[in-house]
Amino acid sequence: MSSNATATVVRTGAGSRFVIYTLLILFCLYYLLPLYVMVVNSLKPLSEIQAGGMMSLPEEWTVAPWASAWSTAQIGVEATGLKPFFWNSIVMVVPAVAISTVLGALNGYVLTKWRFRGDTIIFGLLLFGCFIPFQMVLIPMARMLGIVGLAGTVPGLIFVHLVYGIGFSTLYFRNYYQQFPTELVRAAMIDGAGFFTIFRRIMLPSSGPIAVVCVIWQFTNIWNDFLFGASFSDFDSQPMTVALNNLVQSSTGVKEYNVHFAGAIMAALPTLLVYIVAGRYFVRGLMAGSVKG
Amino acid sequence: MGFLDIKNATKSYGAVKVLHETDISIEEGEFLVLVGPSGCGKSTLLNMIAGLENITTGDIAIKGRSMNGVRPADRNIAMVFQSYALYPNMNVGQNIVFGLEMHGVPKPERDKAMKEVAELLQIEHLLDRKPGQLSGGQRQRVAMGRALVRDPDVFLFDEPLSNLDAKLRVDMRTEIKKLHQKLKTTIVYVTHDQIEALTLSTRIAVMYGGHVQQLGTPKEIYDNPANMFVAGFMGSPSMNLFPATIAVENGRAVARTKLVGGAEATLPFAEGRGFERHEGRDIVLGLRPEAITDRDGADRNSQSVHVVEAHVEVTEPAGSDTFVVTQMGGKEVTGRFRADVDVQAGQSFPFAINMDKAVVFDPETEARIS
Ligand SMILES: Nc1ncnc2c1ncn2[C@@H]1O[C@H](COP(=O)(O)OP(=O)(O)OP(=O)(O)O)[C@@H](O)[C@H]1O
Ligand SMILES: [Mg+2]
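Predicted model only: the values in this text are computed from it and were never measured.

(A) Highlighting the overall build of chain B. When helices and strands are tallied, chain B shows eight helices and 22 strands. C-alpha extents for chain B along the principal axes are approximately 75 × 45 × 35 Å. Looking at chain B as a whole, 52% of its 370 residues qualify as buried. Pairs at least 24 apart in sequence give 67% of the contacts found in chain B among residues at least 6 apart. For chain B, the exposed area adds up to about 16300 Å²; of that, 46% sits on carbon and sulfur atoms.

(B) Here's a closer look at the sheet that holds strand β17 (residues 314-317) of chain B. Residue and element names in this part refer to chain B. Spatial strand order, β17-β18-β19: three strands in an open sheet with antiparallel pairing. A strand with exactly one partner marks an edge of an open sheet, and here the two such strands are β17 and β19 (331-338). Sheet twist, expressed as the mean angle between neighbouring strand axes with direction ignored, is 25°. Sheet topology note: the strand β18 (residues 321-328)/β19 ladder contains eight bridges and is antiparallel. Its bridge partner lying in β19, Asp321 is registered against Arg338.

(C) Fine view of the UniProt feature "domain: ABC transporter" (unreviewed entry) in chain B. Residues annotated in UniProt with the feature "domain: ABC transporter" (unreviewed entry) correspond here to residues 4-234 of chain B. For residues 4-234 of chain B, the end-to-end C-alpha separation is 24 Å, with 37% helix and 26% strand making up the annotated structure.

(D) Highlighting the sheet that holds strand β2 (residues 16-26) of chain B. Residues and elements named next belong to chain B. Reading across the sheet, the four strands line up as β2-β1-β4-β5 and stay open at both edges, with antiparallel pairing between neighbours. Among the strands making up the open sheet, the edge pair consists of β2 and β5 (65-66). When strand β4 (residues 57-62) meets β5, the two strands line up antiparallel, connected through two bridges. Across the sheet, the residue bridging to Ala61 is Ser66, located in β5. Here helix α1 (residues 42-50) sits on the sheet and contacts β1 (4-13), β2 and β4; the angle it forms with β1, its principal contact strand, is near 120°.

(E) Representation of the site of ligand 1. Residue and element names in this part refer to chain B. Taken together, Tyr13, Val18, Ser38, Gly39, Cys40, Gly41, Lys42, Ser43, Thr44 and Glu159 make up all the residues around ligand 1. The side chain of Thr44 places a nitrogen or oxygen atom 2.5 Å from an oxygen atom of ligand 1. For ligand 1, whose unbound accessible area comes to 640 Å², protein coverage reaches 57%. Looking at the shell around ligand 1, the element that brings in the most residues is α1, giving three residues. Partitioning the shell around ligand 1 into residue classes produces three nonpolar, five polar and two charged.

(F) View of the side chain of Thr112(A). Residues and elements named next belong to chain A. Inspection of the secondary structure puts Thr112 in helix α5 (residues 83-113). A polar contact is formed between the side chain of Thr112 and the backbone oxygen of Gly108, at a distance of 2.7 Å. The residues contacting Thr112, other than those within four sequence positions of it, are Arg174, Tyr177 and Gln178.

(G) How the structure looks around the domain arrangement of chain B. All names here are of chain B. The domain architecture assigned to chain B consists of domain 1 (4-233) and domain 2 (240-361). Between domain 1 and domain 2, the residue contacts involve eight residues of the former and seven residues of the latter. Carbon and sulfur atoms make up 60% of the surface buried where domain 1 meets domain 2, a total of about 690 Å² over both sides. Considering only the side of domain 1, the residues that lose the most area to domain 2 are Tyr222, Met228 and Ala231, jointly responsible for 65% of the buried surface there. For the interface between domain 1 and domain 2, the tally reads zero salt bridges. At the junction of domain 1 with domain 2, the criterion picks out two residue pairs in polar contact (both at pLDDT 80 or more). Sorting the residues of the side of domain 1 that touches domain 2 by element identifies α7 (218-223) and α8 (228-233) as the ones contributing at least two each. Element by element, the count of residues in the side of domain 1 that touches domain 2 is highest for α7, at three residues. For the side of domain 1 that touches domain 2, the per-class residue count stands at six nonpolar, one polar and one charged.

(H) Inspection of the environment of Val94(A) at higher detail. Positionally, Val94(A) belongs in helix α5. Along the chain, Val94(A) and Ile222(A) lie 128 residues apart, while their C-alpha atoms are 9.5 Å from each other.

(I) Broad picture of the nonpolar core. Residues Tyr177(A), Ile202(A), Leu34(B), Leu156(B) and Val188(B) are the most contacted members of the largest nonpolar core, which totals 55 residues. Ignoring sequence-local partners within four residues, the contact set of Leu156(B) consists of Leu46(B), Ile49(B), Ala50(B), Ile77(B), Ala78(B), Met79(B), Val80(B) and Val188(B). Membership of the second largest hydrophobic core comes to 45 residues, among which are Leu100(B), Ile123(B), Leu161(B) and Ile221(B).

(J) Representation of α1(B). Buried residues dominate α1(B), accounting for eight of its nine residues. For α1(B), the complete set of buried residues consists of Lys42(B), Thr44(B), Leu45(B), Leu46(B), Asn47(B), Met48(B), Ile49(B) and Ala50(B).

(K) The arrangement of the pairing of β17(B) in detail. All names here are of chain B. The pairing of β17 with β18 spans four bridges and is antiparallel. What sits directly across from Glu316, in β18, is Phe323. Between β17 and β18, which follow one another and run antiparallel, lie three residues, and Gly319 among them has a positive phi close to 80°.

(L) Representation of the layout of surface pockets in the model. Estimated volume of the second largest pocket: approximately 550 Å³. Forming the boundary of the second largest pocket are 14 residues, of which Lys113(A), Arg115(A), Arg186(A), Leu52(B) and Glu53(B) lie nearest the centre. If you tally residues by element for the lining of the second largest pocket, the top one is helix α9 (residues 182-191) of chain A, at four residues.

Definitions and cut-offs
- Residues numbered from 1 in each chain as written.
- Chains lettered and ligands numbered in written order.
- Predicted model: local features only at pLDDT ≥ 70, side-chain atom pairs only at ≥ 80, totals over all residues.
- Heavy atoms only, no water.
- Helix = DSSP H or I, 4+ residues; strand = E, 2+ residues; numbered from the N terminus.
- Buried < 20%, exposed > 50% of the residue type's maximum accessible area, 1.4 Å probe, protein only.
- Contact = heavy atoms within 4.5 Å.
- Areas by Shrake-Rupley, 256 points an atom, 1.4 Å probe, with all protein chains shown as cover.
- Pairing = 2+ DSSP bridges.
- Axes fitted to C-alpha atoms, helices over the stretch in contact; angles between N-to-C directions.
- UniProt positions renumbered as here; feature names shortened; annotations may be inferred.
- Near = heavy atom within 4 Å.
- Polar contact = N/O pair within 3.5 Å; in protein donor to acceptor, adjacent residues only side chain to side chain.
- Nonpolar A, V, L, I, M, F, W, Y, C, P; charged D, E, K, R; others polar.
- Domains from an automatic or database assignment.
- Buried area = accessible area lost by both parts, 1.4 Å probe.
- Salt bridge = Lys/Arg side-chain N within 4 Å of Asp/Glu carboxyl O.
- Core = buried A, V, L, I, M, F, W, Y, C linked by side-chain atoms within 4.5 Å.
- 1 Å grid on protein atoms, 1.4 Å probe; cavity = no way out; pocket = protein on both sides within 12 Å on 5 of 7 lines; lining within 4 Å.
- Points joined across faces, edges and corners; volume = space filled by probe spheres on them.

As structure tokens, this is what we get:
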């Protein structure tokens, strides 16, 4: 890949290179500006913001807004801070991501290596499921959750995200396993390995890149989801996104922008962290199979 | 009843029948080669024996036990794949004993078996490496090792040498033959290389278009091909096939064919082959290149060497032999001359034709006439 890249790079003169880099740096600043605004304003007292210094660095640095957003700010009617909702989100995201990834891997394995009559139809339906707009399923889903007794609970939210997540995770793993040599599976069958043994010993050890892609994708989507969280949770099962909204919307007293900024950064941190830790696999996983070797 | 019995087996994918009724039976310890051009159904048949493809109709039995519905793992077979199919996440040693592990063999025995096989194939120094760190030839050995360690009833090989370079392929061919002579395990071996088929096998099934064209020993296949396809496919350079007509001269059957320039050659068949009853029939005459040679190179034991003056079109020196091309019946005909014969393109030269081994085909059905 790298040799390819160098071979196709267009040779540029110093002048045009200067222009390109200047433009890139300008764009970079432009995109980083909101983050800058959020970070600096979350670290200054409210009075400085009210005085109109949105862009300036804090004169007096303080972490009080962070502490407040985390544990004392008014969310809806109670002054709990975002902490309990952060845990709600974690407790929802981790199983939802884990289960949808594992099920997606199993589905992909079956759809490519244990093909059966009608498998393409099933795959088609799963794909179709990915692209049904969220709004359309709200009412039927609420009804279903009510019937099975999961309405307003974290397991209920996990279930909803699972249902939506499986389509994508199956798509990822199916396309990845399509490239996986079927002869390996056949060799393992002759060696005497069964369905799950082949999955565990042969398929999974080679699935690292696509699993990372899947985890990042699911984590970001589920963590950032607002609609399902707002529709299917009660006050004590609300995820972070919904709580953040409540924090910002709380109309009692003055608007504490610095606390809002701190809360918003908190809500974004986990996805950022996942990207930083696993991001380089993301590109690699998306490219896998497109380059031989 | 043989050791491996394929009875009336067929395979269809939907409406497409890729393998027609096939009957093959071999004894224990035989080396059966399935040979044929690409797409003829060799791998399909092998996979059916392995149980990786189910059979549409018919039956396959190993040691008298029908294999219909028996899982691949329970057939006591081992297979070497064309791509070697080594598990990329395991090292060589783990690859070799994975099958034993799956069959519940305890670790000490597995390690012992691994050592023996590694020694046999001279891959002891590779046991800790991953397949990605091996050369093509080494991977091939590991794949063989994985099969050997199982001590199965039947080995199945699907074009195991086709990914190797020419030199290594010849070496490994010899090694496989040696292994077979040593282990005496029944082998079914798929290849599209007719030389591999002839050198390795005790029995060959020549396949084409989903049909077994002929099943026989290498000698039978080479000397008495059942039809023009087998005649043309087996042997290198392939058998010369050209139109001729049967006539009877002095009570003896002869083949008449046209040479370059319109002259006619008369080639008497060996006595007692009974072609007299086909007098006047148009045929295709089949002669191996080694049956067409220079006068002094002709087989001294032959009863019916006949010399024909023919026009030399091309000569192709190939080191040990020189291939000399002329025309008979309007078709190119290649003869194998000794290398030191002085023969030039463009001249007329005596060709000694050994009719002992001539075979005769029907031009319509392409089947052999006896
Ligand atoms: N899953 C399938 N569905 C439909 N047709 C198939 C399928 N698998 C194989 N075939 C057809 O069956 C025929 C035989 O295939 P097979 O793989 O046995 O050929 P082969 O003799 O092994 O050829 P090669 O030397 O190229 O490996 C081919 O014409 C192929 O197109
Ligand atoms: Mg094949």
